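An overview of the molecular structure
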Amino acid sequence: MKKSGQFLFVVVALAVLLILGCHSKVMTRFDEGTEPGATVDLPGAGPRMNNVGFLTPGLNRRVAVEQTNAMRTPTNTLEVYCVFRNRTRYTQQLQVRTQFFGQQGEPLEGPDAWQNVFLGPNTIQTYRTYSTRTDPAYYYIEVQEMP
């Protein structure tokens, strides 16, 4: 009788643990739904206005930014250009796009569509784009290697 009582106790205890274990897994699932956005509180983590950001790691060692600037067109839109230099003996294929920002750094336009830029060995090439609005104050150019 003692053995059957102990066996029954173990079976009941395992059943309770199994039920509680299954219940806790259902209640603590964190792999469903959306994830909250993260804020990075580091200097230089956001877009550097009136500058170029390389999205492909190491691309900035192969391609240099010789010059970047913006000027107003006769219709008061903003014309942005960037001169790239291929620092290698191999053709580099880039994709470049621009986003325009207002006086307080608020996004106004873009990012626009990716434009392809081909750089022959040891050559320079100019990327140019225009805003459609007349109120942009800043721009941010993104560069990635063509997939």
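Located above this text is the structure these notes cover.
Below: a short report on this structure. (Residues numbered from 1 in each chain as written. Predicted model: local features only at pLDDT ≥ 70, side-chain atom pairs only at ≥ 80, totals over all residues. Heavy atoms only, no water.)

**Thoughts on the pattern of salt bridges**
This model, assessed by the stated rule, comprises five salt bridges. Between E142 and R97 there is a salt bridge, with its nearest N and O atoms 2.6 Å apart. Residue E142 is located in strand β8 (residues 138-145), and its partner R97 is located in strand β4 (residues 92-101); the two are separated by 45 residues in the primary sequence. There is no split in this pair, since E142 and R97 are both buried. (Salt bridge = Lys/Arg side-chain N within 4 Å of Asp/Glu carboxyl O. Helix = DSSP H or I, 4+ residues; strand = E, 2+ residues; numbered from the N terminus. Buried < 20%, exposed > 50% of the residue type's maximum accessible area, 1.4 Å probe, protein only.)

**Comments concerning the sheet that holds strand β3 (residues 78-86)**
The sheet built from three strands is open, its strands ordered β2-β3-β7 with antiparallel pairing. Every other strand in the sheet has two partners, leaving β2 (63-72) and β7 (124-130) as the edge strands with one partner each. Taken over all neighbouring pairs, the strand axes of this sheet differ in orientation by 15 degrees on average, direction set aside. (Pairing = 2+ DSSP bridges. Axes fitted to C-alpha atoms, helices over the stretch in contact; angles between N-to-C directions.)

**Topic: unusual backbone geometry**
Along the chain, G110 connects to P111 via a cis peptide bond; the corresponding omega equals 10 degrees. Inspection of the secondary structure assignment puts P111 in the loop between β5 (107-109) and β6 (115-119). Even without glycine at this site, N50 takes up a positive phi of about 60 degrees. Topologically, N50 is positioned in the loop between α1 (2-27) and β1 (51-54). If you check the backbone angles, N122 has positive phi at about 55 degrees while not being a glycine. Inspection of the secondary structure assignment puts N122 in the loop between β6 and β7.

No statement about biological role is implied by the geometric values presented.
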